[in-house]
Amino acid sequence: MKKTIEKVLAEGKALLKDAHIRTWALDGEILLSHVLSFSRVQLFTHSKDEISEEQEKVYKDLIYRRLKGTPTQYLTNEQEFMSLPFYVNNHVLIPRQDTEILVETALELIDRKKEFQVLDVCTGSGCIGISIAYYAPLSRVIGIDISEPALNVAEHNAKLNQVNDRVHFIKSNLFKGVPEDLKGTIDMIVSNPPYIPTDEIKGLMKEVSEYEPTIALDGGKDGLDFYRFIVKDGKEYLKSGGILLFEIGYNQGDEVAWLLKSHGFNSVEIKKDLAGLNRVVFGIKE
């Protein structure tokens, strides 16, 4: 016998709640919205509509995968960032609201009246560079990443957000594959690099430690390996007056700020996120 949307949703939420999934209500709604191609509002305005047995089966399969730890975003292949749609899979980190602080800071510093060259290092899903290109229409962005599958996701997202004419991607281990003729031409380097200390990864939430790509998390013994490489090698690619911006872990602000200052960057600042934690560090090349 067919069940109503209301009934199936209640059953899915109950399973998630009983498993102590913190976001049980939201996850239950997002997954059923995905199966039915509904908005979350439509789940309630159509709550008495019947759901097919096949749709119920697909929904319950997603619920059981969520119970095992798979993040909801990997089940739907969707995540909103900077009010834009992004495709995600397990080859890329899931874009997080905290990272919007990095993009907002970049947009504040960009001169919107002229063409602006941006290099997005460790681009992953491309969410940072693509968002900059979308909201700063005269900017041109190059995203680099060592992961071919991640770059495929990023290229898809550039097309999805209709900025693929101004956003291009290069497979590169940091700056090793970046063309030499770009040295001294970049107005801004932006990066959310791997910054979790190696020994701390196992202690992260299961959804992160077991499902998100370790290559995008592991920042070495103290979490600062990528900052050292990017500050040292990235400086060559920046113009005089060029800006280097990083997302950081909450306790890494002073060390990353010192790195920038020790390599001759001026006007170094640390910005906090909405929770009052250090989230972004940037400096300007002499």
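Computed from a predicted structure; not experimentally measured. (Residues numbered from 1 in each chain as written. Predicted model: local features only at pLDDT ≥ 70, side-chain atom pairs only at ≥ 80, totals over all residues. Heavy atoms only, no water.)

**Student:** Which parts of the structure should I look at to understand the pairing of strand β5 (residues 116-121)?
**Tutor:** Moving residue by residue along a regular strand, the side chains alternate between the two faces of the sheet. Burial runs high along β5: 5 of the 6 residues are buried. Note that the unit made of β5, helix α7 (residues 127-135) and strand β6 (residues 139-145) has a crossover that is right-handed. In this sheet, strand β8 (residues 186-191) lies alongside β5 in parallel orientation, the contact comprising 4 bridges. When the sheet's bridge partners are listed, valine 118 is paired in β8 with methionine 188. (Buried < 20%, exposed > 50% of the residue type's maximum accessible area, 1.4 Å probe, protein only. Helix = DSSP H or I, 4+ residues; strand = E, 2+ residues; numbered from the N terminus. Right-handed = clockwise from strand over helix to strand, strands pointing away. Pairing = 2+ DSSP bridges.)

**Student:** What am I meant to see in helix α10 (residues 225-234) here?
**Tutor:** In an α-helix, one turn spans 3.6 residues, which is why side chains three or four residues apart end up on the same side. Listed as buried for α10 are Tyr227, Ile230, Val231 and Gly234. With its buried residues spanning 95 degrees around the axis, α10 presents them on a single face. Buried residues along α10 sit against β5, β8, β9 (238-247), α11 (253-262) and β10 (265-272). (Arc of directions from axis to C-beta. Contact = heavy atoms within 4.5 Å.)

**Student:** Please explain unusual backbone geometry as it appears in this structure.
**Tutor:** Although it is not a glycine, asparagine 77 adopts a positive phi angle of roughly 60 degrees. Its place among the elements puts asparagine 77 in the loop between α5 (72-76) and β3 (79-81). By relative accessible area, asparagine 77 is classed as partly exposed at 26%. The backbone of methionine 82 shows a phi angle near 55 degrees, a positive value even though the residue is not glycine. Inspection of the secondary structure assignment puts methionine 82 in the loop between β3 and β4 (84-86). With a relative accessible area of 11%, methionine 82 lands in the buried category.

**Student:** Looking at this structure, I do not really get the UniProt feature "domain: Methyltransferase small" (unreviewed entry) in the protein chain. What am I missing?
**Tutor:** Under the present numbering, the feature "domain: Methyltransferase small" (unreviewed entry) in UniProt falls on residues 107-196. As annotated, residues 107-196 comprises 28% helix and 27% strand, and the C-alpha atoms at either end are separated by 26 Å. (UniProt positions renumbered as here; feature names shortened; annotations may be inferred.)

**Student:** Sorry if this is basic, but what is going on with the side chain of serine 139 here?
**Tutor:** Following the sequence through the fold, serine 139 ends up in strand β6. Here serine 139 is in contact with Phe116, Ile132, Ala133 and Arg166, once residues within four sequence places are set aside.

**Student:** Mind showing me how you'd approach the environment of glycine 219 here?
**Tutor:** Here glycine 219 is to be found in the loop between α9 (206-209) and α10. As a C-alpha pair, glycine 219 and valine 167 span 52 residues in sequence and 26 Å in three-dimensional space. Not counting the four nearest positions on each side in its chain, glycine 219 is found in contact with Pro194, Tyr195, Ile196, Leu224, Asp225 and Phe226.

**Student:** When you look at the environment of phenylalanine 169 in this model, what are you seeing that I'm missing?
**Tutor:** Along the chain, the position of phenylalanine 169 falls in strand β7 (residues 167-171). Its relative accessible area of 16% is what places phenylalanine 169 among the buried residues. In the structure, phenylalanine 169 is positioned 27 residues away from isoleucine 142 in sequence and 5.5 Å away in space, judged by C-alpha atoms. Excluding anything up to four places from it in sequence, phenylalanine 169 contacts Thr123, Ile130, Gly143, Leu151, Ala154, Glu155 and Ala158.

**Student:** Please explain the pattern of salt bridges as it appears in this structure.
**Tutor:** Pairs can form between side chains of opposite charge whenever their charged atoms are close. Within the structure shown, the criterion is met by 23 salt bridges. Taking the shortest distance from any N to any O, the salt bridge between lysine 57 and aspartate 61 comes out at 3.3 Å. Separated by 4 residues within a single helix, lysine 57 and aspartate 61 lie in helix α4 (residues 53-67), roughly one turn from each other. Overall, the relative accessible area of 37% leaves aspartate 61 in the partly exposed class. Put simply, aspartate 233 and lysine 232 hold a salt bridge, and the shortest N to O gap is 3.4 Å. Overlapping salt bridges bring together Lys3, Lys7, Glu11, Glu56 and Lys60 as one network. (Salt bridge = Lys/Arg side-chain N within 4 Å of Asp/Glu carboxyl O.)

**Student:** Would you take a moment to explain the sheet that holds β6 for this structure?
**Tutor:** One key point about sheets: their strands pair by backbone hydrogen bonds, in either a parallel or an antiparallel sense. Read from one edge to the other, the open sheet built from 7 strands follows the order β7-β6-β5-β8-β9-β11-β10, with strand pairing classed as mixed. Of all the strands in the sheet, the pair left with one neighbour each is β7 and β10. The sheet shows a mean angle of 15 degrees between the axes of neighbouring strands, taken without regard to direction. Those strands touched by α10 are β5, β8, β9 and β10, and its axis lies near 170 degrees from that of β9. Where α11 meets the sheet, it contacts β9, β10 and β11 (278-285), and its direction lies at approximately 165 degrees from that of β10. (Axes fitted to C-alpha atoms, helices over the stretch in contact; angles between N-to-C directions.)

**Student:** What am I meant to see in the domain arrangement of the protein chain here?
**Tutor:** Reports of interface size often rely on the accessible area that becomes lost once the parts have come together. Each assigned domain of the protein chain is listed here: domain 1 (3-68) and domain 2 (79-285). Taken over C-alpha atoms, the centre of domain 1 sits 35 Å from the centre of domain 2. (Domains from an automatic or database assignment.)

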